[in-house]
Amino acid sequence: MSDDSVQTIYHNLRAARVPWEGWWERLRHYVLPGRPQSGDEMSPSDEPSGQRRLSDTTAVEACQKLASAHMSYMTPSHELWFKWESPVPSAGDEAQSWYNRCSEIANRELALSNFYTALHECFLDRVALGTGSLYCGTTRGGRLMFRHIPCGQFVCAENDEGVIDTYIREFTFSPHQAESQFGLSALGPRAKALCTAAQDKHSPCLRFLHVVRPRERRNRSRSTARDMAWQSIYYSLDDHCNVEESGYREMPYMVTRFLKWGESPYGLAPARLVYPDIEQAQFLNRILDMLGEVAAFPRILELANQVGEVDLRAGGRTLINPESASLGYPREWATQGRYDVGMDRLRQKQESINRAFFIPMIELWNERKQQMTAAEVYARENERVMLFSPSFTLFACDFQPLMERVFALLFRLGRFPKPPTTVLDNDRRGELVVAEPHVVYQGRIAMIMRRIQSEGMERALGRLQTLSALEPSLVDHVDLDSAFRLSARLDGVPEQILRPEYKVKRLRREREQAAMPAELAPIPDKEGDAGPAPALMPDVSSLPLPS
């Protein structure tokens, strides 16, 4: 990619981002008042500009709660919040068992990395500004490494299928960082001069772009960096030259949106839907503060000749003459504001803001004041979680590239056990590769959404039980074995407590043989009936993933 091409793509995508930048700035004032904007660093002693005019913190607190709910109910660090499954349902139990073991290993590796720290910052941007981003790579020591990319420090574009396929990150390096990553010989003239002459090599002053996009031409039979599926270019904005060109096998950047808004690759924040209520809450809170101050320190109306004679201190004494007393001076003045009306209006605005941030859903799980039956809890969970389902569905779609990237990195790092032949597939060239898994989320929100599907199946089976008393042949319509196993998995039952299907068939045969007369029982062979032999486990550690 030429220098002109990099600059053209960057400026075009940045121009398309301009309408969103105004909204992000306004939302930061009221929802993330302490968040640096567009990569600007903020000193701990600086007072955020948004906090100087922030009088109501309902949106700030709601954002923190919803971001924490993302961590607790979608990606909890203390639970197995996702698992990989075979993309082919008929692959068998051996394949499913291998993917399950890989899921457990991946969850441990994520916990050992900085994943959850970076993810929380990403969720804050997703909730507050509508768009969050995360980078996934590896450290020099061979561990997973993640980096939160603040909203406003990147531009992106979608392909014809609505998938983010072009990503440009804007960042600043110090001379020390630039020399450490790229090497002195790869830098341009200005960067080299700063690296060799600057006394302070640790002040960020060099601007770079990281461009990741699909590679247009490559040799699929080669595995060099310049033949990988994704092109990676580091471009210097100061020297207007490429400083490094390489590639990725998978897209390293993930962009997650709270809600989609038209054709833009950026997302819609919940605060934007109730932005008028947020502004009104700020205004009403300032008015109520003023009313409270007036009530505590009332305005005093006094005669001209009483100036300096009215004692407003606690327990103070003011002497007045009979004429002033007959006129009613001094007295309170203009202190009859309706504080209760203002509080009612403020409460309405705050409830609207909380509903936009799905606080009623979160409070339901934290509610301990009233006793509810299990059926009531399930009904409320179903109702409130279904309102959140569009955002969760988009989360699952946006996270797919990240989960593929994690799986591929851990596989190439040798963290997974050797795969069985049942997980191998042929790529477009006819070569054996490991099939990329299907991701199943197991956080609380995902479980409730799957439980709704399970409840529909239970209702259908309940009707079948009632009607089968009248017509027993109706049971033939349902594969009860498959229905039970599907229902158990939808409810999150651990895979290890479900017997493989071949073991179930063996138990049933043994039970039938035990019930048969001895002279009719079949004679087992010398090796016994051990079920199907497991698939061979060849050395496939060097097999690639699909590209």
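Residues numbered from 1 in each chain as written. Predicted model: local features only at pLDDT ≥ 70, side-chain atom pairs only at ≥ 80, totals over all residues. Heavy atoms only, no water.

J.: Just checking my understanding: could you explain the sheet that holds strand 6 (residues 206-214) for this structure?
T.: Consider a sheet: its strands pair through backbone hydrogen bonds, and that pairing is either parallel or antiparallel. The five strands are arranged 4-5-6-7-8 in an open sheet whose pairing can be described as antiparallel. Where the open sheet ends on each side, the last strands, each with one partner, are strand 4 (154-158) and strand 8 (241-248). Recorded for the sheet is a direction-independent mean angle of 15° between the axes of neighbouring strands. Where strand 4 lies against strand 5 (residues 164-173), five bridges are found, and the strand directions are antiparallel. In the sheet register, Ala157 faces strand 5, and the bridge partner there is Thr166. Here helix 5 (residues 175-182) sits on the sheet in contact with strand 5, strand 6, strand 7 (230-236) and strand 8, set at roughly 130° to strand 5. (Pairing = 2+ DSSP bridges. Helix = DSSP H or I, 4+ residues; strand = E, 2+ residues; numbered from the N terminus. Axes fitted to C-alpha atoms, helices over the stretch in contact; angles between N-to-C directions. Contact = heavy atoms within 4.5 Å.)

J.: Looking at this structure, how should I read the packing of helix 2 (residues 58-73) against helix 4 (residues 115-128)?
T.: Between two packed helices, both the angle of their axes relative to each other and the distance between the axes serve to describe the pair. Between helix 2 and helix 4, the shortest axis-to-axis distance is 9 Å and the interhelical angle comes to 135°. Viewed along their axes, helix 2 and helix 4 adopt a mutual orientation that is oblique. Where helix 2 crosses over helix 4, the two elements pack in a sense that is right-handed. Taken together, the residues of helix 4 that come into contact with helix 2 (itself represented by Cys63, Gln64, Leu66, Ala67, Ser68, His70 and Met71) are Tyr116, Leu119, His120, Phe123, Leu124, Arg126, Val127 and Ala128. (Parallel < 35°, antiparallel > 145°, perpendicular 65-115°, else oblique. Left-handed = near helix turned anticlockwise from the far one by under 90°.)

J.: What am I meant to see in the packing of aromatic side chains here?
T.: A ring pair, where both rings are aromatic, is described by two values, the distance of the centres and the angle of the planes. Going through the model one piece at a time under the given rule, you end up with 37 aromatic pairs. Between the aromatic rings of Phe395 and Tyr441, the centroid separation amounts to 5.4 Å while the plane-to-plane angle is 50°, which identifies the pairing as tilted. Of this pair, Phe395 sits in helix 12 (residues 374-412) while Tyr441 sits in strand 14 (residues 438-441); the two residues are 46 residues apart in sequence, bridging distant segments of the chain. Here Phe395 matches Tyr441 in class, with each residue buried. Here the guanidinium or amino end of Arg26 rests over the ring plane of Trp23, the centre of that ring lying 4.4 Å away. In this arrangement the basic side chain of Arg169 is found over the ring face of Phe171, its NZ or CZ atom lying 4.3 Å from the centre. (Phe/Tyr/Trp six-rings, centres within 6.5 Å; stacked < 30°, edge-to-face > 60°. Buried < 20%, exposed > 50% of the residue type's maximum accessible area, 1.4 Å probe, protein only. Lys NZ or Arg CZ within 6 Å of the ring centre and 35° of its normal.)

J.: Where do I start with the packing of helix 8 (residues 275-296) against helix 10 (residues 339-356) in this structure?
T.: In the contact formed by helix 8 and helix 10, the axes pass within 9 Å of each other and the chain directions differ by 150°. Looking at the two axes, helix 8 sits roughly antiparallel to helix 10. For the pair helix 8 and helix 10, the crossing hand works out as left-handed. Residue-level contacts link Asp277, Ile278, Gln280, Ala281, Leu284, Asn285, Leu288, Leu291 and Gly292 of helix 8 to Tyr339, Gly342, Met343, Arg345, Leu346, Lys349, Ser352 and Ile353 of helix 10.

J.: I keep staring at the environment of Pro204 and nothing clicks. Help me out?
T.: Inspection of the secondary structure assignment puts Pro204 in the loop between helix 6 (189-197) and strand 6. Overall, Pro204 belongs to the exposed group, its relative accessible area being 56%. Between the C-alpha atom of Pro204 and that of Pro175, which follows or precedes it by 29 residues, the distance is 7.3 Å. If sequence neighbours within four positions are ignored, Pro204 has contacts with Thr172, Phe173 and Ser174.

J.: Would you explain empty space enclosed by the protein in this entry?
T.: Unfilled space is identified by rolling a water-sized probe across the atoms. In this structure the tally under the stated criterion is one cavity of 30 Å³ or more. Empty space within the largest cavity amounts to approximately 30 Å³. Around the largest cavity, the lining residues are Trp20, Trp23, Trp24, Leu27, Leu129, Gly267, Leu268, Ala269 and Arg272. In terms of residue count, the dominant contributor to the lining of the largest cavity is helix 1 (residues 3-30) (four residues). (1 Å grid on protein atoms, 1.4 Å probe; cavity = no way out; pocket = protein on both sides within 12 Å on 5 of 7 lines; lining within 4 Å. Points joined across faces, edges and corners; volume = space filled by probe spheres on them.)

J.: What should I look at first to understand the sheet that holds strand 9 (residues 253-257) in this one?
T.: Spatial strand order, 3-2-9: three strands in an open sheet with antiparallel pairing. Only two strands of the sheet have a single partner each, and these edge strands are strand 3 (144-148) and strand 9. The mean inter-strand angle of the sheet, taken between neighbouring strand axes irrespective of direction, is 25°. Both strand 2 (residues 131-138) and strand 9 contribute to a ladder of five bridges, which runs antiparallel. From the neighbouring strand, Tyr135 faces strand 9, where its bridge partner is Tyr253. This element, helix 4, spans strand 2, strand 3 and strand 9 of the sheet and lies at about 160° to strand 2.

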